[in-house]
Amino acid sequence: MFPTHRPRRLRANAQLRRMVQETTVTAKDLIYPLFAVPGDAIAKEVVSMPGVYQLSVDKIVEEAKEVYDLGIPSIILFGIPEDKDAEATGAWHDCGIVQKAATAVKEAVPDLVVIADTCLCEYTPHGHCGYLEVGDLSGKVLNDPTLELLKKTAVSQAQAGVDIIAPSGMMDGFVTTIRQGLDEAGFPDIPILSYAAKYSSAYYGPFRDAAESAPQFGDRRTYQMDPANGTEALKEVALDIAEGADMLMVKPALAYMDIIWRVKEMTNLPVAAYNVSGEYSMVKAAALNGWIDEKKVTLETLTSFKRSGADLILTYHAKDAVRWLDE
Ligand code: PBG
Ligand code: ZN
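Description of the structure in this document.

What counts as what
Residues numbered from 1 in each chain as written. Chains lettered and ligands numbered in written order. Predicted model: local features only at pLDDT ≥ 70, side-chain atom pairs only at ≥ 80, totals over all residues. Heavy atoms only, no water. Phe/Tyr/Trp six-rings, centres within 6.5 Å; stacked < 30°, edge-to-face > 60°. Lys NZ or Arg CZ within 6 Å of the ring centre and 35° of its normal. Helix = DSSP H or I, 4+ residues; strand = E, 2+ residues; numbered from the N terminus. Polar contact = N/O pair within 3.5 Å; in protein donor to acceptor, adjacent residues only side chain to side chain. Contact = heavy atoms within 4.5 Å. Expected span 1.5 Å × (residues − 1). Buried < 20%, exposed > 50% of the residue type's maximum accessible area, 1.4 Å probe, protein only. Pairing = 2+ DSSP bridges.

### Examining the packing of aromatic side chains
Thought 1: Overall, the coordinates contain 8 aromatic pairs when judged by the stated rule.
Thought 2: An aromatic cluster is present here, built from F35, F78, Y195, F207, Y274, Y280 and Y316 joined pairwise through their rings.
Thought 3: Stacked on the ring of W92, the Lys or Arg K152 has its end atom at 3.6 Å from the ring centre.
Thought 4: Above the face of the F207 ring, K251 is positioned so that its terminal group lies 5.9 Å from the ring centre.

Take a look at the structure:
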């Protein structure tokens, strides 16, 4: 009790504070998302995400080099295809945009770990994460037919040189099906980073501008999780572990730090947190107004994700954060 205990003793100066600091964020904890578009020399800023661009493959390669030189070990690729169709052909075709980008990046920067988001929403005209009965306007995604398309997508991404497959569509059994597909196609060593606990969140709004993947009708509540549920996340995670996931993701991050913590407590697999588009846009908007200190808020948030149990953080702030950490 006071006055014997004075916690302030260990906060008295910068070196003492450094010595007792429990959590640090470093470049190696970060994964940088990139959006690939067809064309050449294209860098189109996403209006709702200042500092984030849709990039043609040549620009993706430049960006990949920069990311690698900053010491960030990994990128995650999303694609905006030329055409969208019911079978999501653009997701699994050899000449798909993510396949092209991955091959180009691996050729230019072989040591950069390339993750592919494995989902159908960017590639279907309706913008849902799976296959719908033709003519269905209710948005009821058919689970098992979707699995076959996800398997094809994952295999073709692996063939293009992708290092990690990250299925994000919250279909039941997607880890089993993708694992089987990868093994049969000769990729037993490609890990799966499962978006295991992904919530149906309004924080994805700006991403849907970036990826041009907003559902054209209905919403994603029949496959993504209800934000009110915490215990259910542990069920999703347990299933994905049983199905052979190598890493697990919680998404979004900021409003779901309790979930990050609970997932970390229950598993010994690496846990990733996705610091999503809406979280990024809020910081950017407030910073542009001069209302918050962007650098301090960003580093505090990233540190808090790690303190909550995240081993890895997917974040649009990655490049800025590393520059600030190096200062
Ligand atoms: C698609 C996907 C989404 C995000 C990553 N993959 C959007 C969604 O589910 O609507 C969101 C990322 C972000 O908001 O930054 N399955
Ligand atoms: Zn999707």
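### So, the side chain of S156
Thought 1: Mapped onto the fold, S156 is located in helix α5 (residues 143–159).
Thought 2: Among the polar contacts made by the side chain of S156, one reaches the side chain of Q99 at a distance of 2.5 Å.
Thought 3: Setting aside anything within four residues of it in sequence, one finds S156 in contact with A91, W92, H93 and Q99.

### Quick word on helix α10 (residues 277–288)
Thought 1: Here α10 is 12 residues long and its end C-alpha atoms lie 16 Å apart, about the 16 Å a rise of 1.5 Å per residue gives.
Thought 2: The buried count for α10 comes to 9 of 12 residues, which makes it a mostly enclosed element.
Thought 3: Among the residues of α10, S277, G278, E279, Y280, S281, V283, K284, A286 and A287 are the ones counted as buried.
Thought 4: G290, located one to two residues past α10, shows a positive phi value of around 75°.

### A closer look at helix α4 (residues 97–108)
Because each turn of an α-helix spans 3.6 residues, side chains separated by three or four positions in sequence point in the same direction.
Thought 1: Its 12 residues give α4 an end-to-end C-alpha distance of 17 Å, which sits within 8% of 16 Å, the value for a rise of 1.5 Å per residue.
Thought 2: Buried residues of α4: I97, V98, Q99, A101, A102, V105 and K106, and no others.
Thought 3: Those residues of α4 hidden inside the fold are in contact with β1 (30–37), α2 (57–69), β4 (74–79), α3 (89–92), β5 (113–118) and α5.

### Some words on the pairing of β4
Thought 1: Counting buried positions over the 6 residues of β4 gives 6, a clear majority of the element.
Thought 2: Taking every second residue as pointing to the same face, both faces of β4 are buried, with S74, I76 and F78 on one and I75, L77 and G79 on the other.
Thought 3: As paired elements, β1 and β4 share 6 bridges and run parallel to each other. Bridge pairing in β4 links P33 to I76.

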